[in-house]
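Secondary and tertiary structure notes
Below are the chains, spelled out letter by letter.
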Amino acid sequence: MTQREIHLNLFMRLQGNHLSGWRHPKNRINEILDIDYYIEIARKVEAAKFDSLFIADGLSIINHPWKGLSWLFEPLTLLSALAVSTKHIGLIATASTTYSDPFSVARAFASLDHISKGRAAWNIVTTFHPESAANFGDRPIPEHATRYDRAAEFVDVVRKLWDSWEADALVRNKVQGTLVDYDKVHAIDHKGPYFDVRGPLTSPRPPQGHPLLVQAGASASGQKFAGAYADAIYAPGDDFDQTLAFTKQIREATERSGRPRNAISVLAALCPVLADTEQAAKNIAQELHELSTVDHVYGSMRSWFGLELSEVGPDEPIPHELLPEPDQVQGLRSRYEQILRLIKDKNYTLRDIAKHLEGSNDGGYFVGTPEQLADRLGHWWETGAVDGFNLSLPYYDEPLDIFINEVLPILQKRGQFRSNYAAGTLRDRFRG
Ligand SMILES: Cc1cc2nc3c(=O)[nH]c(=O)nc-3n(C[C@H](O)[C@H](O)[C@H](O)COP(=O)(O)O)c2cc1C
């Protein structure tokens, strides 16, 4: 067991996570399809000793000025390129349990794990955009509960496939003429409500056995799923008390599944705007705000929550009768619960929601100095509210440089963040 340290994951979206980050004069948006740019950033965060980097993914472009910029590369393809350009950093690729099949996913992640020598991780998502259904035969998106049921069976099958080759099945004995010991390669003969899969996998057992399983999805069903399967989970990062409560729920869900209480690393969303003084940071945030519009919020409300609010003006109160109970929302239910609280408790209008979401879709927007951020990260971590952070950036690259050069040294000096990688796989690092 290594000493407990803050886990740091880079949410790698080089177009920037702020709605208008791509418009910032310092954003290298012209290089957004250039693999060399991705390699440069991957090496930079590896030199800074981040745990991992993460590629989100979606299967459609939604009606939103920014979303066309969201998913530029298929994640496993991109991470294969980054795997051979780096040596230590973990590589988290998103793949959907709603619109893929377990055999292909097990095979792709086994390959990435071999290519990266034990650094692959799967961000398990239960695709929620109705626009994605239209790219897969125009079926309606399955209901929230069905998506999680399917996800559970999906992951069971993937794990069985990874286990279908015993660790020493690949013999390669030239003298005896034995390449594979087929007594150690097993069909899985899985038959379930969603999948029938015979197996075995075409690929020998991955170096990690099971690539790391990361979960994105935070409703009650999402937490139950995480409790049973996840090694790490993304958490909302707006508010300390809410994040603390979320982590407690995750620990309880983990125990209910018969796993050790701390088996899951909780990574809170974080999107910092940093400068030498608080006022200078506020000025940058204001600059970014002025480049943003309110229009995107209508598309997001529709695509994420199925809410049709086009009749409501941006500054009008949102009529409560247009707002369903969370368990009626089939899309991004966990985010809806947070937005609903802001509307009901703080009378948020659509303009307020747009502003709230513009900094970071996933929460954790922070405006201040490196010292203030280091204090906050240390506090959240020391108190057990989180195990680490999922760092997104309003735009690249200056904010990343400030984070690496001015926030990390403070955390390292306080013994909260590593100065070197320990030997081992990504799974070993998260277990530590
Ligand atoms: C922090 C976070 C990141 C997510 N990333 C993705 C993603 O990259 N691609 C995707 O299709 N869904 C993503 N999702 C959606 C979830 O997989 C899930 O479908 C959605 O959150 C609804 O489940 P929930 O109500 O349990 O949160 C993400 C959700 C969260 C909370």
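My aim in this report is to walk through the structure given alongside it, one point at a time. (Residues numbered from 1 in each chain as written. Predicted model: local features only at pLDDT ≥ 70, side-chain atom pairs only at ≥ 80, totals over all residues. Heavy atoms only, no water.)

1. Let's talk about the site of the ligand
Around the ligand lies a shell of 20 residues, among which Asp57, Thr126, Tyr148, Ser219 and Ser334 are the nearest. Interatomic distance of 2.8 Å between a backbone N/O atom of Ala216 and an oxygen atom of the ligand. At 2.5 Å, a side-chain N or O of Ser334 approaches an oxygen atom of the ligand. Protein chains bury 92% of the 610 Å² of accessible surface belonging to the ligand in isolation. Elements with a contribution of two residues or more to the shell around the ligand: helix H5 (144-162) and helix H10 (333-346). (Near = heavy atom within 4 Å. Polar contact = N/O pair within 3.5 Å; in protein donor to acceptor, adjacent residues only side chain to side chain. Areas by Shrake-Rupley, 256 points an atom, 1.4 Å probe, with all protein chains shown as cover. Helix = DSSP H or I, 4+ residues; strand = E, 2+ residues; numbered from the N terminus.)

2. Considerations on the pattern of salt bridges
Counted according to the given criterion, the structure contains 20 salt bridges. The salt bridge partner of Arg335 is Asp238, with a shortest N-O separation of 3.9 Å. Separated by 97 residues along the polypeptide, Arg335 in helix H10 and Asp238 in the loop between strand E10 (232-235) and helix H7 (240-256) bring together distant segments of the chain. The salt bridge involving Asp315 is made with Arg351; its shortest N-O contact spans 2.7 Å. In this pair, Asp315 is assigned in the loop between helix H9 (296-305) and H10 and Arg351 in helix H11 (residues 350-359), connecting sequence segments 36 residues apart. Taking relative accessible area as the criterion, Arg351 reaches 39% and is therefore assigned partly exposed. In the salt-bridge network here, residues are joined through shared partners; they are Arg28, Glu31, Glu40 and Asp397. (Salt bridge = Lys/Arg side-chain N within 4 Å of Asp/Glu carboxyl O. Buried < 20%, exposed > 50% of the residue type's maximum accessible area, 1.4 Å probe, protein only.)

3. Details of the packing of aromatic side chains
One pass over the full model with this rule turns up 15 aromatic pairs. Ring plane angle 75° and centroid distance 5.7 Å describe the contact between Phe240 and Trp380, whose orientation is recorded as edge-to-face. With Phe240 in helix H7 and Trp380 in helix H12 (residues 370-382), this pair connects stretches of sequence that are 140 residues apart. Given a relative accessible area of 5%, Trp380 falls into the buried group. Centroid distance Trp304 to Phe305: 5.8 Å. Interplanar angle 75°. Geometry classified as edge-to-face. As far as the burial class goes, Trp304 and Phe305 line up, both buried. (Phe/Tyr/Trp six-rings, centres within 6.5 Å; stacked < 30°, edge-to-face > 60°.)

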